[in-house]
Amino acid sequence: MIRTLVAAAGIAAAASFATSAFADAGHGHVGKPAPASAASRTVQVAMYDNYYEPEEITAKAGETVRFVVTNKGQLVHEFNLGTPAMHAAHQDEMQMMVDHGVLEADKINHHMMNVDMGGGHVMKHDDPNSVLLEPGQTADVVWSFPDDASVDLEFACNVPGHYDAGMQGEIELAK
């Protein structure tokens, strides 16, 4: 009986660790969210079908920027701030959203964002470093960049196939 309980506890702990590790895989942050009042400037970002305007953004290390992001394409797109590794991890989660019917080419099935995608993982897509927009929608991301200018940052769309098709841009952090 005790062995069974210990084994069950070990399995539960491992499952919990695996679930939390998966949930955090694409959701780390380099920098932090901030209120719009803290922004030193506003950058307009237009998302088209598989490219952004502008294609590169320069910010000062430690600067807070308000991004006004508009989806001018015909497909669902994402604006996500992170490192290349963070985007790679997040792409698996975005594929899971497609596989479970949360994302379609041109719309988001918001009512499905609470569906269990396995192991208690749901995909609300509500991280402060990211917006997921249907065609014609606009949203803000207000972000304070890290003080370390050597961090490798980019903005990207992690909807399956979009990143690989070129929908990413570099964020150049200046000292």
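Scroll up for the structure.
Notes on the structure in this doc start here. (Residues numbered from 1 in each chain as written. Predicted model: local features only at pLDDT ≥ 70, side-chain atom pairs only at ≥ 80, totals over all residues. Heavy atoms only, no water.)

A look at the overall build of the chain
- Counting secondary structure elements, the chain contains two helices and 10 strands.
- Helices (α) and strands (β) of the chain occur, in sequence order from the N terminus, as α-β-β-β-β-β-β-α-β-β-β-β.
- Counting only residues that meet the buried cut, the chain has 40% of its 175 residues in that class.
- Contacts in the chain between residues at least 24 apart in sequence constitute 75% of all its contacts with a sequence separation of at least 6.
- Just so you have it, the chain exposes about 8800 Å², and 55% of that area is on carbon and sulfur atoms. (Helix = DSSP H or I, 4+ residues; strand = E, 2+ residues; numbered from the N terminus. Buried < 20%, exposed > 50% of the residue type's maximum accessible area, 1.4 Å probe, protein only. Contact = heavy atoms within 4.5 Å. Areas by Shrake-Rupley, 256 points an atom, 1.4 Å probe, with all protein chains shown as cover.)

A word on the sheet that holds strand β3 (residues 51-53)
- Ordered by their spatial adjacency, five strands build an open sheet running β1-β8-β5-β2-β3, and the pairing between neighbours is mixed. Bordering the open sheet on either side are β1 (32-33) and β3, each of which pairs with just one other strand. (Pairing = 2+ DSSP bridges.)

What to know about unusual backbone geometry
- In the segment running from Glu53 into Pro54, the intervening peptide bond is cis, with an omega of 0 degrees.
- Its location among the elements puts Pro54 in the loop between β3 and β4 (56-60).
- Even without being glycine, Asn50 reaches a positive phi, approximately 80 degrees.
- Within the element layout of this structure, Asn50 appears in the loop between β2 (41-48) and β3.
- Take Asn50: its relative accessible area is 24%, and that puts it in the partly exposed class.
- Phi at His125 is positive, roughly 55 degrees, even though this residue is not glycine.
- Along the chain, His125 falls in the loop between α2 (84-99) and β7 (130-133).
- Since its relative accessible area comes to 11%, His125 is described here as buried.

Structural notes on the sheet that holds strand β10 (residues 168-174)
- Pairing is mixed in the open sheet, where five strands are placed in the order β4-β10-β9-β6-β7. Of all the strands in the sheet, just β4 and β7 have a single pairing partner and so form its edges. The mean angle between the axes of side-by-side strands here comes to 20 degrees, regardless of whether they run parallel or antiparallel.
- Here three bridges tie strand β6 (residues 77-82) to strand β9 (residues 153-156), and the two strands are oriented antiparallel to one another. Across the sheet, the residue bridging to Asn80 is Ala156, located in β9.
- Strands β6, β7 and β9 of the sheet are contacted by α2, whose axis makes an angle of about 150 degrees with β6. (Axes fitted to C-alpha atoms, helices over the stretch in contact; angles between N-to-C directions.)

Looking at the nonpolar core
- Core analysis: the largest hydrophobic core is formed by 35 residues, its most contacted members being Phe67, Phe79, Leu132 and Phe145.
- Setting aside its immediate chain neighbours within four residues, Phe79 contacts Val45, Met47, Tyr52, Phe67, Val69, Asn129, Ser130, Val131, Val141, Phe155 and Ala156. (Core = buried A, V, L, I, M, F, W, Y, C linked by side-chain atoms within 4.5 Å.)

Section: the pairing of β10
- Alternating residues of β10 divide into Gly169, Ile171 and Leu173, all buried, and Gln168, Glu170, Glu172 and Ala174, none buried.
- Here β9 pairs with β10 via four bridges, running antiparallel. By the bridge assignment, Phe155 is partnered in β10 with Gly169.

Remarks on the pattern of salt bridges
- Summed over all chains, the structure comprises two salt bridges.
- Among the ionic pairs, Arg41 bridges to Glu63, the shortest N-O distance being 2.8 Å. Placement of the pair is Arg41 in strand β2 and Glu63 in the loop between β4 and β5 (64-71), with a sequence separation of 22 residues.
- Exposure remark for Glu63: the relative accessible area of 12% places this residue in the buried category.
- Asp140 is the partner of Arg66 in a salt bridge, and the nearest nitrogen-oxygen pair spans 2.9 Å. (Salt bridge = Lys/Arg side-chain N within 4 Å of Asp/Glu carboxyl O.)

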